[in-house]
Amino acid sequence: MNYLEFEVIWGVNNIYSVLELSSKLIYEGIFKGKVLETGCKEYSPLVPGDVVLGYIYGSRKVYIDKRVNRKNILWRYNRKADLRQTIVSNVDNVLIVNSANFPEMKNFFIDRVLVIAEEQNIIPVIVINKIDKGISQRVEEFSEIYKNLGYKVLKTSVKTFEGIKEVKEVLRNSRTSFIGQSGVGKSSLINLIDSKASQSVNEISHKYSRGKHTTVYSISFHSESGIIVDTPGIKEFGIETLPFENLKYYFKEFENFASFCKYKSCLHVSEPCCSVTSALGNGISKLRYESYLKILSELKNYKNYAR
Ligand SMILES: Nc1nc2c(ncn2[C@@H]2O[C@H](COP(=O)(O)OP(=O)(O)OP(=O)(O)O)[C@@H](O)[C@H]2O)c(=O)[nH]1
Ligand SMILES: [Mg+2]
Ligand SMILES: [Zn+2]
């Protein structure tokens, strides 16, 4: 059997579109067995970015036998399935796309993605799109907070092309996943960057001021600017399965203060002699700290939390 390496481009219902890496040809891949043996119960065993081993049969078909170990995963908690769901794997950058106006930017959403990016060693970039329609004061305020933390914040418009060059610079020689609420313009940005992408885009619903979930599955594009992964709009980016004691390590602004807390195990909530809480409003943003407390309580309340 002649095993070859393929990259997963997209897949639905266990049928995958896979790219053979040396010939650059696309094949239709299915599992040789009923499921892919990964050793764990997984919500999505194969996602864009995965590399698999398999062999070609018939015309343009591939039996997928094995998933190559992943460098990292962009994951979220899927409440319905009560499982961690991998969205994309082997990711260099995650572009957290927001709208400067509608749908309204959710800082808690951004903060949760930042936590996972820090946990998985993915470089996060915050994109504020639709700036042709003006930027709300609130969005400006948060942009400043994220910039001060050292995160890259790009302001873009698909209408005026502002910031597109900067987005392309991020994408170069890497795999970048776009992520965000429905209707923020992920697919519109991708279509602008790669004319071959031709992803569907849709008006946002005026009745509900939100997107219509136009993109329904994740898909990769090997564009001249780099590998781009479009993903469906996400309403809630939950991270409940992260152990709550670890959350503090992924709020990177705590790092400089945490070593001065009295207790090494300090969670920076109400412990005595906590340097993080002492720095509130003076080194630690109150809005980010509020987010930390909110996420911490979500993690603590996770029903299946196993110690
Ligand atoms: N004014 C303005 N409208 C934009 C911009 N980018 C996207 N839009 C509009 O926003 C709407 C939603 O865009 P999509 O690209 O479908 O959004 P999406 O994030 O891919 O949404 P889902 O696939 O549902 O997750 C469309 O009507 C776009 O034309 C922009 O920079 N400026
Ligand atoms: Mg889309
Ligand atoms: Zn502390």
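Preceding block: the structure.
To start, this report covers the structure provided alongside it. These numbers were taken from a predicted model, which means no experiment stands behind them.

## So, the packing of helix 3 (residues 164-171) against helix 4 (residues 186-193)
Direction vectors running N to C along helix 3 and helix 4 enclose 85 degrees, while the axes themselves pass 11 Å from each other. Relative to helix 4, the element helix 3 lies roughly perpendicular. Counting all contacts with helix 3, which are made through I164, V167, K168 and L171, the residues of helix 4 involved are L189, L192 and I193. Split into classes, the residues belonging to the contact of helix 3 with helix 4 amount to 6 nonpolar, no polar and 1 charged.

## Here's the deal with the pattern of salt bridges
Using the criterion set out here, one finds 15 salt bridges in the structure. The salt bridge partner of E28 is K61, with a shortest N-O separation of 3.5 Å. Linking E28 in strand 3 (residues 26-31) with K61 in strand 5 (residues 61-67), this pair joins segments that are 33 residues apart in sequence. Residue classification places E28 among the partly exposed residues on the basis of a relative accessible area of 35%. Overlapping salt bridges, with partners in common, bring together E42, D50, R67 and R70 in one network.

## Examining the site of ligand 1
Taken together, 23 residues form the shell around ligand 1, and within it D132, V158, S182, S188 and T215 come nearest. Contacts to ligand 1 include S188, whose side-chain N or O atom sits 2.6 Å from an oxygen atom. Interatomic distance of 3.2 Å between a backbone N/O atom of N202 and an oxygen atom of ligand 1. Of all the elements, helix 4 adds the most residues to the shell around ligand 1, at 3 residues. Across the shell around ligand 1, the residue classes tally to 4 nonpolar, 13 polar and 6 charged.

## A closer look at the coordination of the zinc ion (ligand 3)
Taken together, the protein donors to the zinc ion (ligand 3) comprise C261 (SG), C266 (SG), H268 (ND1) and C274 (SG), at separations of 2.1 to 2.3 Å. If you look at the zinc ion (ligand 3), its 4 donor atoms make angles of 103 to 118 degrees with each other, and the shape they trace is tetrahedral. Going along the chain, you hit the donors of the zinc ion (ligand 3) in the pattern C-x4-C-x1-H-x5-C. Placement of the pair is C261 in the loop between helix 5 (255-258) and helix 6 (275-278) and C274 in the loop between helix 5 and helix 6, with a sequence separation of 13 residues.

## Some remarks on the sheet that holds strand 10 (residues 152-155)
Read from one edge of the open sheet, 6 strands run 10-9-8-11-13-12, paired in mixed fashion. In the strand order of this sheet, the two ends are held by strand 10 and strand 12 (219-223), each with one partner. Strand-to-strand twist of the sheet, defined as the mean angle between neighbouring strand axes without regard to direction, takes the value 25 degrees. Each of strand 8 (93-99), strand 9 (123-129) and strand 10 is contacted by helix 2 (residues 137-148), which is oriented at about 145 degrees to strand 10, the strand it contacts most.

Criteria and thresholds
Residues numbered from 1 in each chain as written. Chains lettered and ligands numbered in written order. Predicted model: local features only at pLDDT ≥ 70, side-chain atom pairs only at ≥ 80, totals over all residues. Heavy atoms only, no water. Axes fitted to C-alpha atoms, helices over the stretch in contact; angles between N-to-C directions. Helix = DSSP H or I, 4+ residues; strand = E, 2+ residues; numbered from the N terminus. Parallel < 35°, antiparallel > 145°, perpendicular 65-115°, else oblique. Contact = heavy atoms within 4.5 Å. Nonpolar A, V, L, I, M, F, W, Y, C, P; charged D, E, K, R; others polar. Salt bridge = Lys/Arg side-chain N within 4 Å of Asp/Glu carboxyl O. Buried < 20%, exposed > 50% of the residue type's maximum accessible area, 1.4 Å probe, protein only. Near = heavy atom within 4 Å. Polar contact = N/O pair within 3.5 Å; in protein donor to acceptor, adjacent residues only side chain to side chain. Donors = N, O, S within 2.8 Å, 3.2 Å for Na, K, Ca; no water. Tetrahedral: all angles 85-135°; square planar, octahedral: opposite > 155°, others 65-115°. Pairing = 2+ DSSP bridges.

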